[in-house]
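Chain by chain, the residues run as shown.
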Amino acid sequence: MEKTPAACAMDWSIRLDKALRSSNPGKRTEAIEEVGARLEWWSQEPELMMAEYDMFGLVPGEDKLFANAILLRLADAFVSGDKHTKLCVVKILLSELKQRKMKSPNRKNKGILLGYKVENHLELLRRIKLCFNSGDEDIRALALVLFGCWSDFAKDNAEIRYLILSSVVSCHVLEVKASLFAAGCFCEISDDFACVLLEMLVNIVLSSEMPLAGRLAGVRSFAKLGRSSAVSSRAYEEGLKLVSGLADDTVPTMLISLSIIASRSALLISRQVDLLHSFLSQDKALPLQATSLRCLHIILSRRRFRFSPPMELMSSMFNMLDGELPPSMQCDALHILYEILMSKMLSFSPSEMHACFTKLLTVVEISMRSPFVSDRLFAMHVVADISGKFTRRRDMPYDGDDKTLASQAISFLVARITLLVNSVLKLNQPDMEMEKEIWSLLKITFFLLNECPDLGEFALHKLHLLINCLLNKDEVLSTGKEDLTGHVLIQCGRDHRRILSKFMVCVSKVIILCLKSMVKAGPLSNQVQNVVRLIIEDVCGCTYIDYYVHTVYYLLLQPHANCHYMLKEMEEEMKIQYCSSPKERSVLLTWLESNGSSALSIVGDIGEVGKTTTKEINLHHYIESLDEVCKILQASKELLFNRITPSGQHYFQMQFLSLRVNVIEIVLHAFKLLDTVSFQEDNIRNNRLKRSTVVQSAGHLHHAASLVQPLTQLSTRLMKLAQEYDLLATSFIDIDKRSAMIISAHALSCSALAFITGFSLFFANLDSLQQFPNLGLLKLQSNFHAMLIHDLVARLWHIDQETSKQLLLLLKTCFGQSKSCNVPQAKIGRLEYAYEVRSIIMICQSAVKGVVGIQNAAKRLHDGNDEIILQITKDGLGLQLDTVRNWLNISFRTPRYFFRVRPSVSCQLFAMNRDCGNGERISVLPECHLHLDLCLQLTDISPESRVRLTKLYCILQCKMSYQLPCQTTDSERKTQAVLPDQTDDNVLELNEKLVKYVNNYDRFGTNDKNHTFDGQIAESVVCFRLNGKGQGFSTCILDVSMFPLGSYKIKWHAGCMDIDGSYWSLNSLNSGPVVFTIQKSR
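Parameters at a glance
- Residues numbered from 1 in each chain as written.
- Predicted model: local features only at pLDDT ≥ 70, side-chain atom pairs only at ≥ 80, totals over all residues.
- Heavy atoms only, no water.
- Helix = DSSP H or I, 4+ residues; strand = E, 2+ residues; numbered from the N terminus.
- Contact = heavy atoms within 4.5 Å.
- Areas by Shrake-Rupley, 256 points an atom, 1.4 Å probe, with all protein chains shown as cover.
- Core = buried A, V, L, I, M, F, W, Y, C linked by side-chain atoms within 4.5 Å.
- Buried < 20%, exposed > 50% of the residue type's maximum accessible area, 1.4 Å probe, protein only.
- Salt bridge = Lys/Arg side-chain N within 4 Å of Asp/Glu carboxyl O.
- Expected span 1.5 Å × (residues − 1).
- Phe/Tyr/Trp six-rings, centres within 6.5 Å; stacked < 30°, edge-to-face > 60°.
- Lys NZ or Arg CZ within 6 Å of the ring centre and 35° of its normal.
- Pairing = 2+ DSSP bridges.
- Axes fitted to C-alpha atoms, helices over the stretch in contact; angles between N-to-C directions.
- Parallel < 35°, antiparallel > 145°, perpendicular 65-115°, else oblique.
- Nonpolar A, V, L, I, M, F, W, Y, C, P; charged D, E, K, R; others polar.
- Left-handed = near helix turned anticlockwise from the far one by under 90°.
- pLDDT = per-residue confidence, 0-100.
- Lys, Arg positive; Asp, Glu negative; His and termini not counted.
- Disulfide = S-S within 2.5 Å.

*Asks:* Lay out the overall build of the protein with the relevant residues and their values.
*Replies:* On a plain count of helices and strands, the protein comes out with 40 helices and 13 strands. Intrachain contacts of the protein at a sequence separation of at least 6 include 77% that bridge at least 24 residues. About 50400 Å² of surface is accessible on the protein, with carbon and sulfur atoms providing 53% of the total.

In structure tokens:
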């Protein structure tokens, strides 16, 4: 458990004192800088809770005592040290002030320099004041800066206020600047001080005796005058009066100050925009115009209030951009125009927007001459964003032509990309800057297609023309005469080959996005398939690009094109290149992995299992093939298990492979069970084949009845695996959305298999044939089958409501339950309508239709009608066989996250007795409650992920059945968690309870059911507030008063919420269960 600043405060204070007593100046400086970083860390920490005091053995108030001691030592160092030491002290406090003003996750805590925390603030101010009175100009300036840093507890001190205001009119410019800084800090807290300073600033700005540097400092101070609307309005009015009388060298600074004031008030924004607009006329100096543009850019891009800029300003921006402007002014003007168009997007009519967009394209053409790549890319982003958002308006449906704004933008982007690629190919050497611009433009095109998926076909045609143009261009450039000229062209051709190959791979991503957008709308048309086929032929027929590009295009695009006649030739070429070119193989695999299209080798093996014709009914083929796949998966899992590190670098890979192994093993077991049922082929008319079950006697019914229990067990395991996939998808905070969707697709497939496995013999009423029917078990199975329907409906509801409604009707007719079904949003996300999801939906539709048909046949069932029972049995088992075989034909993608090896974000739980504070053993007296101090600490989490988390939650559970044998208590206490092959049932149960608690807590703000006790089980849910190091402290009470003497495990599970309201489960890789003992007092 890492120590917090409060726990380290005493050590920090002692170390600082020793270093400041050293005769080595470098050591003193290093100690001051070190304590400055520690103060910044301390300022970010939340208020201490009693759990933190208890776990670190602190006395309440001890942290404040040592914080004051550190500040006093810094004050003494400032008073007695040289100017360099004084400067070091001022620097660290300025850094702390800056960090304190920045927005942080802990906004309620403003740092350790709050007035109520610094109890000896009068002594601090007294010492610095004495130094101020006895020092020179530089020392007085540094002391004034300190007063500003301590404004929170110095603002009410009359002597300090007078000292600062009197220094404002000093004859020393440095002292004036420092006093204005301190006065600005005071004005942010005290409005009465701001009113007094305002009167003085007006005189300073107009004073002819004050140097220019002092007047400019006074003008800048206008921006800090008060946070209330009254003081801001008064300061704005005074500044507005001064604008006309100021010299040209101070007007730009005043415009900036007035813009900052206006940005804080909804009443002043329009006035300031009009003022800035008046300085954009041609008769104004260029620096004034540049400042006005910069201020307008800041106001419009950072405004907190709704404000509609005037149309005159938009016309002025178009006029300015049509002329010659410096690059910086051109960029600001384009930013302003972008903000105006975005704000008026909904108010413009289509004709007005088309006219503006035509002007915008002209302006962007001019912006393409900018020498800065960032400016050119922003101009293209403006075109894409404006066109995309306007095209998505409901009154702007895409009609398939090229007249929409987005289609014009795509044409504009493709034309620009073509121009840049041709320019690169003409050069005799690579141009990295231009190549980066090309990749960025492709990303912008990708973004626009995400915004407007209806333009997929239009973009596909444009990209096809682009590929044709570039391939023909490269062919021309790569051919030439022999000799020296030919040698030069060949060398250039190698660069062209590298650049063009790299570019073609990037284009393939955009093409895939186009195809995905069209697939979501329905099957691809013949025209689109022909375009895809032509693209494959053009790319694969070009000999001037790398062979791995041929492979990439074929692998990605072939499923969308009708080009099976190329299959054999391409496969042979791929095998030759894959085996003979290690470099090309490495590049291919790297690209495939980075794009999530790579699959494990076992995926291909699984796909081959399902590729059997309908005539091959012998299940031994499936059993042998699946057995080989399981061996491959087991070998891969063992290989990863041997490389597991304490940080859990391969934890995701291990869990994903374990789940795949379990699914395949269950399917293999299902085939072995079905293999015990005899299937044969009977010839019928027209030489067609139809499967029929060989029925010899009633013994077959008894055999089918013996399959009910093992199939139910397989169904139970499959539903549990679906829940484990859900847990896996939410257990990695940094997982990408596509990987999470792929995992959810795996969960959906498990749920579908669980449904068909559980219902294959449900309607045959075979329970009566069992030797010892159990009524309690029958009721339990009935509830289980209802759970199967609920789980599948929850996953299908957002993607196939028709099938979901059929399932709900089945639920009502079979079990009498209501049609309503709550969808657990925290567990199930919206699935992307990708290939495997479509295939699973088709399987679900077929399975549900078949089950409903079997249900209808079962309605005709009467007692003793063995023929109908046998037919229902045959149909059910046949439906399951068909469903599993169809499932084997699905080529599931491997998540991209599988190829990202990094430490897994996990958590550790530290617990100790609150009453006795014994960290070695946790114990409690009989018939008493267990009071625990808890610390939940995150490990291996990046700062970016940590700041996104809002709260941590942990559920603790103890049951009487968790009691440990006496001889294994010590070993259990020392046991650390290991990586299991299967997720513990308790983890799934605890995670489900925690999700329900968190959702209820966030919805209503409170949750009274955070403690559960029924004599046999004690539960508690604890909420933690996160600090800067990823720690949270809290307390909990477990009612174990009814537990007998002995040692018990407390099982726990943790989760968190992020700023988007998403719940994430936390892996507990390095912490075992908490163990406590109920024992009598000695």
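*Asks:* An account of the nonpolar core is needed here, citing residue identities and associated values.
*Replies:* Across soluble globular proteins, you tend to see nonpolar side chains buried next to one another. Residues F222, M317 and F503 are the most contacted members of the largest nonpolar core, which totals 191 residues. The element contributing the most residues to this core is helix α24 (residues 483-521), with 15 residues. Those residues in contact with M317, other than ones at most four positions away along the chain, are L280, L293, A333, I336, L337 and I340. The next biggest cluster of nonpolar side chains, apart from the first, holds 123 residues, and it includes I623, A722, I840 and Y897.

*Asks:* Any details on the environment of K1080? Residues and values, ideally.
*Replies:* Tracing the backbone shows K1080 in the segment after β13 (1074-1078). On the basis of relative accessibility, which here comes to 60%, the residue K1080 falls in the exposed class. A C-alpha to C-alpha distance of 5.6 Å links K1080 and L925, two positions 155 residues apart in sequence. Leaving out residues up to four positions away in the same chain, K1080 has contacts with L925, P926 and L1045.

*Asks:* Tell me what's going on with the pattern of salt bridges, and back it up with residues and numbers.
*Replies:* In this structure the tally under the stated criterion is 33 salt bridges. R15 is the partner of D11 in a salt bridge, and the nearest nitrogen-oxygen pair spans 2.8 Å. One end of the pair is D11 and the other is R15, both in helix α1 (residues 5-20) and four residues apart, which spans about a single turn. Owing to a relative accessible area of 37%, D11 belongs among the partly exposed residues under this scheme. Note that R795 is salt-bridged to D726, the shortest N-O span being 2.6 Å. Within this pair, whereas R795 is found in helix α34 (residues 775-796), its partner D726 is found in helix α32 (residues 699-729), the two being separated by 69 residues in sequence.

*Asks:* I'd like to hear about helix α16 (residues 286-301), residue by residue, with values.
*Replies:* Across its 16 residues, α16 extends 22 Å between first and last C-alpha, which sits within 8% of the 22 Å expected from 1.5 Å per residue. Looking at α16, one finds that the buried residues are L288, Q289, T291, S292, L293, C295, L296, H297, I299 and L300. As for α16, its buried residues are in contact with α14 (251-262), α15 (269-278), α17 (311-322) and α18 (327-343).

*Asks:* Give me the packing of aromatic side chains: which residues, what numbers.
*Replies:* The final tally for this structure, using the stated rule, is 20 aromatic pairs. Aromatic pair W12 and W42: ring centres 6.0 Å apart, planes at 75°, arrangement edge-to-face. Residue W12 is located in helix α1, and its partner W42 is located in helix α2 (residues 25-43); the two are separated by 30 residues in the primary sequence. Pairing F652 with F732 gives two aromatic rings, centres 5.2 Å apart and planes at 85°, and the pair type is edge-to-face. You can see F652 sitting in helix α31 (residues 651-675) and its partner F732 sitting in the loop between α32 and α33 (737-759), a full 80 residues away along the chain. The exposure classification of F652 matches that of F732, with both residues buried. Among the aromatic residues, ring-to-ring pairing joins Y651, F652, F656, F732, Y897, F898 and F899 into one connected group. Sitting above the plane of the W41 ring, K1029 keeps its charged end 5.1 Å from the centroid. Lying over the aromatic face of Y962, K1051 brings its terminal NZ or CZ to 4.7 Å of the ring centre.

*Asks:* Go over the sheet that holds strand β10 (residues 1031-1038) with me, naming the residues and quoting the values.
*Replies:* Pairing in this open sheet of three strands is antiparallel, and the strands run β3-β5-β10 from one edge to the other. In this open sheet, the two strands that pair with only one neighbour each are β3 (906-913) and β10. Here the average twist between neighbouring strands, direction ignored, is 25°. Of the strand pairs in this sheet, strand β5 (residues 930-939) and β10 are connected by eight bridges, and their pairing is antiparallel. If you follow L936 over to β10, its bridge partner there is G1032.

*Asks:* Hey, could you go over α18 for me, with residue numbers and the actual values?
*Replies:* The end-to-end C-alpha separation of α18 is 24 Å, in line with the 24 Å expected for 17 residues at 1.5 Å each. Across the 17 residues of α18, 13 count as buried, placing the element largely inside the fold.

*Asks:* Go over the packing of helix α4 (residues 62-80) against helix α6 (residues 121-134), please, and point to the residues and values.
*Replies:* For the pair α4 and α6, the least separation of the axes is 10 Å and the interaxial angle reads 5°. Here α4 is positioned roughly parallel relative to α6, judged by the angle of their axes. Where α4 abuts α6, its residues L71, L72, A75, D76, F78 and V79 lie against E123, L124, R127, I128 and C131. Taken together, the residues of the contact of α4 with α6 sort by class into eight nonpolar, no polar and three charged.

*Asks:* Go over the packing of helix α20 (residues 373-391) against helix α21 (residues 405-426) with me, naming the residues and quoting the values.
*Replies:* Between α20 and α21, the least distance of the axes is 7 Å, while the angle of their chain directions is 155°. By the angle class used here, α20 and α21 are roughly antiparallel. As for the relative orientation of α20 and α21, their crossing is left-handed in sense. Counted together, R376, M380, V383, S387, F390 and T391 of α20 and L405, A406, A409, F412, L413 and R416 of α21 form the full contact between these two elements. Taken together, the residues of the contact of α20 with α21 break down into eight nonpolar, two polar and two charged.

*Asks:* Give me unusual backbone geometry: which residues, what numbers.
*Replies:* Despite not being glycine, E927 has its phi angle at roughly 60°, a positive value. Here E927 is to be found in the loop between β4 (922-924) and β5. Under the relative-accessibility criterion, E927 is labelled exposed at 66%. Of note, the phi angle at D940 is positive, near 60°, even though the residue is not glycine. Mapped onto the fold, D940 is located in the loop between β5 and α38 (943-948). Assessed through its relative accessible area of 40%, D940 is described here as partly exposed.

*Asks:* Outline the pairing of strand β12 (residues 1063-1066), supporting the account with residue identities and numerical values.
*Replies:* The alternating pattern of β12 places Y1063 and S1065 and W1064 and L1066 on opposite faces, both of which are buried. In the sheet, strand β11 (residues 1046-1058) pairs with β12 via four bridges, with the strands oriented antiparallel. Within the sheet, the bridge partner assigned to C1056 lies in β12 and is W1064.

*Asks:* Break down the environment of C844 for me, citing the residues and quoting the values.
*Replies:* Following the sequence through the fold, C844 ends up in helix α36 (residues 835-858). Sequence separation of C844 and L796 is 48 residues, and the distance between their C-alpha atoms is 9.0 Å.

*Asks:* Would you mind going over the confidence of the model for the protein in detail, with residue names and values included?
*Replies:* Mean pLDDT over the protein works out to 79, with 78% of the residues at or above the 70 mark. Within the model, the stretch residues 563-608 combines pLDDT values under 50 with 64 contacts to residues more than four positions away or in other chains. Confidence drops under pLDDT 50 across residues 819-827; counting only partners more than four residues distant or on other chains, this segment forms 18 contacts.

*Asks:* Summarise the side chain of D63; cite the residues concerned and give the values.
*Replies:* Positionally, D63 belongs in helix α4. Of the buried charged residues, D63 lacks a salt bridge, with K64 as the closest side chain of opposite charge at 6.5 Å. Ignoring sequence-local partners within four residues, the contact set of D63 consists of A6, W42, L48 and Y53.

*Asks:* Quick rundown of the environment of G239? Include the residues and the values.
*Replies:* Relative to the elements of secondary structure, G239 occurs in helix α13 (residues 229-243). Residue G239 is classed as buried on the basis of its relative accessible area, which comes to 0%. Remark: the alpha-carbon pair of G239 and L201, spanning 38 residues in sequence, is separated by 9.8 Å. Residue contacts for G239: discarding those within four places in its chain leaves F222, M254 and L258.

*Asks:* Give a detailed account of the state of the cysteines, specifying residues and quantitative values.
*Replies:* Tallying each qualifying case throughout the model produces zero disulfides. Free of any disulfide, C149 has its nearest neighbouring cysteine sulfur in C185, separated by 6.5 Å. The buried category is assigned to C149, whose relative accessible area is 1%.

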